[in-house]
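Chain by chain, the residues:
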Amino acid sequence: MSKISYYTAEGLKKLKDELEQLKSVERPKASQAIADARDKGDLSENAEYDAAKEAQGLLELKIAKMEEVVSTARIIDESQLDESKALVLSTVKIKNQSNGMVLTYTLVAESEADLKAGKISVTSPIGKGLLGKSVGEIAEIKVPNGQMNFEILEISRD
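Bear in mind the structure is a predicted one, so any value in this text is a computation, not a measurement.

The rules behind the values
- Residues numbered from 1 in each chain as written.
- Predicted model: local features only at pLDDT ≥ 70, side-chain atom pairs only at ≥ 80, totals over all residues.
- Heavy atoms only, no water.
- Domains from an automatic or database assignment.
- Contact = heavy atoms within 4.5 Å.
- Buried area = accessible area lost by both parts, 1.4 Å probe.
- Salt bridge = Lys/Arg side-chain N within 4 Å of Asp/Glu carboxyl O.
- Axes fitted to C-alpha atoms, helices over the stretch in contact; angles between N-to-C directions.
- Helix = DSSP H or I, 4+ residues; strand = E, 2+ residues; numbered from the N terminus.
- Parallel < 35°, antiparallel > 145°, perpendicular 65-115°, else oblique.
- Left-handed = near helix turned anticlockwise from the far one by under 90°.
- Nonpolar A, V, L, I, M, F, W, Y, C, P; charged D, E, K, R; others polar.

Caption draft 1: Up close: the domain arrangement of the protein. Taken domain by domain, the protein consists of domain 1 (5-75) and domain 2 (78-156). The centre of domain 1, based on its C-alpha atoms, is set 35 Å off from the matching centre of domain 2. Facing the 5 residues of domain 1 at the interface are 5 residues of domain 2. Overall, the association of domain 1 and domain 2 removes approximately 370 Å² of surface from exposure, summing both partners, and the carbon and sulfur fraction of that is 52%. A per-residue breakdown of the area domain 1 buries against domain 2 is headed by Tyr-6, Tyr-7 and Thr-8, which together make up 82% of the total. Between domain 1 and domain 2 we count 0 salt bridges in total.

Caption draft 2: Quick peek at the packing of helix H1 (residues 9-38) against helix H2 (residues 47-72). Between H1 and H2, whose axes approach to 9 Å, the crossing angle comes to 160°. When the interaxial angle is binned, H1 and H2 end up roughly antiparallel. The chirality of how H1 crosses H2 is left-handed. Residue classes in the contact of H1 with H2 are distributed as 14 nonpolar, 2 polar and 11 charged.

Following this line, the structure appears as structure tokens:
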């Protein structure tokens with residue numbers, strides 16, 4: 001059975017736009033590359049043809065996977081989220097207990113994670129550790145090099 005994945009409306013639109021780009025632009029390019037390679041002669045010794053066929057196969061696999069994700073995607077209803085706890089779409093300000101560093105992250109679905117934009121996946125170690133926590137709680141998070149403790153300073157919705 002397919003795994004349901006949750007997206008913001010913006011994230012799902014971005015995914016659908018990428019899928020449309022693959023279908024309407026990349027797929028015809030792949031077909032044209034195969035046709036161009038076929039025109040170059042003997043297919044049994046044509047490395048360009050083999051490469052174009054392989055690229056087309058990989059593209060079709062990517063399209064099929066994205067179509068499956070889109071078909072099982074659900075949009076998160078932000079109005080139904082508990083604002084007192086860190087959940088998907090929460091912006092959480094945390095303080096590292098060992099060095100006092102204060103960080104702010106927005107918890108998002110795995111496919112929308114972008115560390116540069118301050119968006120971390122709820123499936124990442126820190127994301128998992130913050131889920132369900134309230135302001136004032138200490139999140140004890142196991143990371144590859146041990147354990148980190150973060151105090152939840154603030155939770156908001158943007």
